[in-house]
Amino acid sequence: MKALIYAGPKQAVLKDVPAPAAREGAVKVDVKYCGVCGSDIGIYLGTHPRAKAPLVFGHEFLGVVAEDGKKFKKGDRVVAYPLLSCGHCRACRTGSAHVCNTLGLIGIDVDGGMCEELYVDEDVLFKVPDGVSDRAAVVTEPLAVILRAVHQAEFKARDVAVVIGAGPIGMLTGIVLKNIGAAKVFISDVAEKRLAIAEELGLTPVNVAKEDLNEVVKAATGGEGCDVLFECSGSAQGAMDMTEITRVSGTICMVSVHKKPHEVNLQQLNFKEQWMIGTRVYTKEEFGQAVEYTKDLQEQLEKIVTHIVPMKDAERVFDMIADVNEGTVKVVVDCKDF
Ligand SMILES: [Zn+2]
Ligand SMILES: [Zn+2]
């Protein structure tokens, strides 16, 4: 079968590999779509701390069950909760398996779903709701990341939010915040194509190449700052700006992965008595909530899937995402088109 393989730094290779072997408790899934995630970019660049070549990319896959299992039937459309937890560290023992000391993921620590077919444990499969398009359902996994983030931030209806970074995670954050009753959501980026989509989604775009995000937010909040800020850029600038833009007693939620320690104005954190909270992936319960949530957000989710790339061109996806002129938000590989 065809699979997109990480073969070493900056080498994403479409290859013929042996079909996967059957496994007790698992069913065969025919992959339809597989999303490309920020962590896949880290793997491709060779900077991911765990991923080892050769590896099949992909933890955001959607497919159809190819055989009757114990829980699932042939033809069921499914997505997979991709986390692999050890089961015995403190996090696992206390109900937080998603922050396991040795957390792994399908598609990072074991072969993933950017391929024609794979075996997946029935325990981690979720049925896609009827009526939800493949295009919307393929972003279930990143949507679960956002559900975790808004739960961690204890976001409240009518709060004013700032989202730094309008990539897939920032854009999804904006969509969810709007849907749960944010009074206003500012979202910053430098890519005009992304900001245009953000505006269509009812968010307030700020091009930080032209405008000062802090000034825009302060002007709109009587000089106070936002109630909650979601850092979705992973950048040094985002880390430096977040305490300034957030109000006294406001909340800062760290959604993006900061791959190295960035400077933060901790004095402002003291003086403004701000709350800073981390968030990492999602619990299995939140993943299940995201599966159902796609029914409410279908139209918006489809809008952020800007590029569906046939498998035969999958080697190009990382160059596409790096090219600002492409205007990508979510890039998805069509694993049936090779
Ligand atoms: Zn992901
Ligand atoms: Zn564990």
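### Things to note about the environment of aspartate 241
Here aspartate 241 is to be found in helix H8 (residues 236-245). Between the C-alpha atoms of aspartate 241 and valine 99, which are 142 residues apart in sequence, the distance is 27 Å.

### A closer look at the pairing of strand E12 (residues 184-189)
Of all six residues in E12, five are buried, a share of seventy percent or more. As paired elements, strand E11 (residues 160-164) and E12 share five bridges and run parallel to each other. Within E12, the residue paired with alanine 161 across the bridge is valine 185. A crossover connection joins E11 to the parallel E12 through helix H5 (residues 168-179); in handedness this β-α-β unit is right-handed.

### Observations regarding the sheet that holds strand E1 (residues 2-8)
The strands that make up a sheet pair up through hydrogen bonds in the backbone, lying either parallel or antiparallel. The three strands are arranged E2-E1-E4 in an open sheet whose pairing can be described as antiparallel. Looking at strand neighbours, the two that pair on one side only are strand E2 (11-16) and strand E4 (55-56), the edges of this open sheet. Pairing between E1 and E2: six bridges, direction antiparallel. Directly across from isoleucine 5, in E2, lies its bridge partner valine 13.

### So, the packing of H5 against helix H10 (residues 284-304)
Taken N-terminus to C-terminus, the directions of H5 and H10 make an angle of 135 degrees; their axes are 11 Å apart at the nearest point. With respect to H10, the axis of H5 lies oblique. Classified by chirality, the crossing of H10 by H5 is right-handed. For the pair H5 and H10, the contacting residues are Pro168, Met171, Leu172, Ile175, Val176 and Asn179 in the first and Tyr293, Leu297, Gln300, Leu301 and Ile304 in the second.

### Things to note about empty space enclosed by the protein
For the structure on display, the rule yields one cavity of 30 Å³ or more. Counted as a void, the largest cavity has a volume near 50 Å³. Lining the largest cavity, in full, are His59, Glu60, Phe61, Val79, Ala80, Ala137, Val138, Thr140, Glu141 and Phe287. Broken down by secondary-structure element, the contributors of at least two residues to the lining of the largest cavity are strand E5 (60-65), strand E6 (77-80) and helix H4 (140-153). Of the residues contributing to the lining of the largest cavity, the split by class is six nonpolar, two polar and two charged.

### Things to note about the nonpolar core
In this structure, Phe57, Met171, Leu177 and Phe230 are the most contacted members of the largest nonpolar core, which totals 98 residues. Looking at which element gives the most residues to this core, the answer is H4, with eight residues. The residues touching leucine 177, leaving out its near neighbours within four places in the chain, are Val150, Phe155, Ala161, Val163, Ala182, Val185 and Phe230.

### Brief notes about the coordination of the zinc ion (ligand 1)
In an ideal tetrahedron of four donors about a metal, each angle is 109.5 degrees. In an ideal octahedron of six donors, the angles are 90 or 180 degrees. Here the zinc ion (ligand 1) is held by Cys37 (SG), His59 (NE2), Glu60 (OE) and Glu141 (OE), and the distances to it run 2.2 to 2.8 Å. The coordination sphere of the zinc ion (ligand 1) comprises four donor atoms, whose angles at the metal cover 75 to 159 degrees; the geometry is irregular.

### Some details on the coordination of the zinc ion (ligand 2)
Looking at the zinc ion (ligand 2), one finds its protein donor set to be Cys86 (SG), Cys89 (SG), Cys92 (SG) and Cys100 (SG), positioned 2.3 to 2.4 Å from the metal centre. Around the zinc ion (ligand 2) sit four donor atoms, and with donor-metal-donor angles ranging over 105 to 117 degrees the site reads as tetrahedral. With a relative accessible area of 28%, cysteine 86 lands in the partly exposed category.

### Looking at the layout of surface pockets
Of the pockets and cavities examined, the second largest pocket occupies roughly 400 Å³. Listing elements by their share of the lining of the second largest pocket, those giving two or more residues are strand E7 (83-84) and strand E9 (117-121). By residue number, the principal contributor to the lining of the second largest pocket is E9, which donates five residues. Looking at the lining of the second largest pocket, its residues break down into 16 nonpolar, one polar and four charged.

Conventions we followed
Residues numbered from 1 in each chain as written. Chains lettered and ligands numbered in written order. Predicted model: local features only at pLDDT ≥ 70, side-chain atom pairs only at ≥ 80, totals over all residues. Heavy atoms only, no water. Helix = DSSP H or I, 4+ residues; strand = E, 2+ residues; numbered from the N terminus. Buried < 20%, exposed > 50% of the residue type's maximum accessible area, 1.4 Å probe, protein only. Pairing = 2+ DSSP bridges. Right-handed = clockwise from strand over helix to strand, strands pointing away. Axes fitted to C-alpha atoms, helices over the stretch in contact; angles between N-to-C directions. Parallel < 35°, antiparallel > 145°, perpendicular 65-115°, else oblique. Left-handed = near helix turned anticlockwise from the far one by under 90°. Contact = heavy atoms within 4.5 Å. 1 Å grid on protein atoms, 1.4 Å probe; cavity = no way out; pocket = protein on both sides within 12 Å on 5 of 7 lines; lining within 4 Å. Points joined across faces, edges and corners; volume = space filled by probe spheres on them. Nonpolar A, V, L, I, M, F, W, Y, C, P; charged D, E, K, R; others polar. Core = buried A, V, L, I, M, F, W, Y, C linked by side-chain atoms within 4.5 Å. Donors = N, O, S within 2.8 Å, 3.2 Å for Na, K, Ca; no water. Tetrahedral: all angles 85-135°; square planar, octahedral: opposite > 155°, others 65-115°.

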